[in-house]
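Listed below, chain by chain, are the residues.
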Amino acid sequence: MRKNLVIATRGSQLALWQAGHVKACLESLEPGLNISLRVIKTRGDIILDVPLSKVGGKGLFVKEIEEALLDGSADLAVHSIKDVPMILPDGLVLGCVPRREICVDCLLSSRYGTLDELPRGARVGTSSLRRQAQLLNLRPDLEILSLRGNVDTRLRKMKEGEYDAIVLASAGLKRLGLSADRMQHFEAAVFVPAVGQGALGIECRGDDSDVLELLSRMEHRPTRVCVEAERGFLAGLDGGCQVPIAGHAEMLDDDRFILDGLVAEVDGSVILREQQEGTAATARETGFALARHLLDKGGKDILDRLYAENR
């Protein structure tokens, strides 16, 4: 095992926390190992004045980082796995999926404790069409406003009064130790999370046996199974940030899981949602099967129209 490795990471507060966490874990697993961080700015970090659904393109937050892996200037990369496209560039693999953090969404406000407490016409910030659709399905009266920036930037905008409430991933808040005066963590059964939410993916070169062996010691099989099922669902829908798609899997026992999938109209007027059980060996295939089922139930018409509108 070589003694010096480089982790490529985005420069946001959350990305740096995640990379630092993986660095500490790997160094504890391999005494004498020295890992440094290389901060890389991605296209998604540069374009902050446009909603994600309008920016478009898969790999918005990973492409430049993957280029560093391929040219050898970095040995591994730590991603929020929800940012990682299903198909990786030739030569790269997801070497490890560590144990998942809390995966639900959280409503944060300075004045209102729950979604039901928000007044009619309340201004809620999010740039996620998935969150927008589910919020409007539950509360059609809300005014949904675009919200971009790092986690702390989004919180500051809410506290300064630009929004009555915002919705963020609970995992990021927990990792950074951030909070608001009033918070409601949604249950996944009520508000379906994004595919891969709360999970990290550590990417590396497929022929780097040293790094692959090291990463295998951080692998968490139940998280890998659930993430594979969720990502299979997303791939089956050819999904991205331009459309309201949600997917969440939970293990039922050591081998079986249940996958909850959702496709929606942006305005929340239609929510298509189904569940399907699967086994570890068929995780990705189960995701594809659930995707086909929702496409046949009307999801194809919704997604085709939304993709056409965003061309």
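Residues numbered from 1 in each chain as written. Predicted model: local features only at pLDDT ≥ 70, side-chain atom pairs only at ≥ 80, totals over all residues. Heavy atoms only, no water.

- By the naming in an unreviewed UniProt entry, the chain is Porphobilinogen deaminase, taken from Desulfovibrio piger.
- Recorded in UniProt under Function (unreviewed entry), the annotation for the chain is "Tetrapolymerization of the monopyrrole PBG into the hydroxymethylbilane pre-uroporphyrinogen in several discrete steps." (UniProt positions renumbered as here; feature names shortened; annotations may be inferred.)

**Some details on the pairing of strand β2 (residues 34-39)**
Moving on, step 1. The sheet contact formed by strand β1 (residues 4-9) and β2 spans 6 bridges and is parallel. Note that in β2 the partner of A8 across the bridge is R38.
Moving on, step 2. Between β1 and its parallel partner β2, the chain crosses via helix α1 (residues 13-29), and the hand of that crossover is right-handed. (Pairing = 2+ DSSP bridges. Helix = DSSP H or I, 4+ residues; strand = E, 2+ residues; numbered from the N terminus. Right-handed = clockwise from strand over helix to strand, strands pointing away.)

**Digging into the sheet that holds β2**
Moving on, step 1. The 5 strands are arranged β2-β1-β3-β10-β4 in an open sheet whose pairing can be described as mixed. The open sheet is flanked by β2 and β4 (92-96), the only strands paired with a single partner. Here the average twist between neighbouring strands, direction ignored, is 35°.
Moving on, step 2. Taken strand by strand, helix α8 (residues 209-216) contacts β1, β3 (76-80), β4 and β10 (200-205), and its axis lies near 160° from that of β10. (Axes fitted to C-alpha atoms, helices over the stretch in contact; angles between N-to-C directions. Contact = heavy atoms within 4.5 Å.)

**Section: the pattern of salt bridges**
Moving on, step 1. Under the defined criterion, the tally for this structure stands at 29 salt bridges.
Moving on, step 2. Close ionic contact of E117 with R182 constitutes a salt bridge, the shortest N to O distance being 3.6 Å. Residue E117 is found in the loop between β5 (105-109) and β6 (123-125), and its partner R182 is found in strand β9 (residues 182-185); the two are separated by 65 residues along the sequence.
Moving on, step 3. Relative accessible area serves as the criterion here: at 32%, R182 is assigned to the partly exposed category.
Moving on, step 4. For R217, the salt bridge is made with E213, and the minimal N-O distance between the two is 3.0 Å.
Moving on, step 5. Because the salt bridges share partners, they merge into one network encompassing R2, D75, R205, D208 and D210. (Salt bridge = Lys/Arg side-chain N within 4 Å of Asp/Glu carboxyl O. Buried < 20%, exposed > 50% of the residue type's maximum accessible area, 1.4 Å probe, protein only.)

**Digging into the packing of aromatic side chains**
Moving on, step 1. With the rule as written, the count across this model stands at 1 aromatic pair.
Moving on, step 2. Aromatic side chains F186 and F191 sit 4.5 Å apart centroid to centroid with 15° between the ring planes, which places their arrangement in the stacked category. (Phe/Tyr/Trp six-rings, centres within 6.5 Å; stacked < 30°, edge-to-face > 60°.)

**Re the layout of surface pockets**
Moving on, step 1. The calculated volume of the second largest pocket comes to roughly 170 Å³.
Moving on, step 2. Lining the second largest pocket are W17, H21, V22, P98, R99, R100, E101, R175, L200 and M218.
Moving on, step 3. No other element matches α1, which puts 3 residues into the lining of the second largest pocket.
Moving on, step 4. When grouped by side-chain class, the residues that make up the lining of the second largest pocket number 5 nonpolar, 1 polar and 4 charged. (1 Å grid on protein atoms, 1.4 Å probe; cavity = no way out; pocket = protein on both sides within 12 Å on 5 of 7 lines; lining within 4 Å. Points joined across faces, edges and corners; volume = space filled by probe spheres on them. Nonpolar A, V, L, I, M, F, W, Y, C, P; charged D, E, K, R; others polar.)

**Notes on the side chain of R139**
Moving on, step 1. By the element assignment, R139 lies in the loop between α5 (129-138) and β7 (143-145).
Moving on, step 2. Using a relative accessible area of 11% as the deciding quantity, one classes R139 as buried.
Moving on, step 3. Apart from the residues within four sequence positions on either side, R139 is in contact with L115, D116, L118, P119 and R120.

**Structural notes on the domain arrangement of the chain**
Moving on, step 1. Partitioning the chain into structural domains gives domain 1 (1-98 + 199-219), domain 2 (105-185) and domain 3 (220-310).
Moving on, step 2. On a C-alpha basis, the centres of domain 2 and domain 3 stand 24 Å from each other.
Moving on, step 3. Across the contact, 7 residues belong to domain 2 and 13 residues belong to domain 3.
Moving on, step 4. Approximately 720 Å² of surface area, both sides summed, lies buried where domain 2 meets domain 3, with 66% of it carried by carbon and sulfur atoms.
Moving on, step 5. Considering only the side of domain 2, the residues that lose the most area to domain 3 are L129, R130 and A133, jointly responsible for 57% of the buried surface there. (Domains from an automatic or database assignment. Buried area = accessible area lost by both parts, 1.4 Å probe.)

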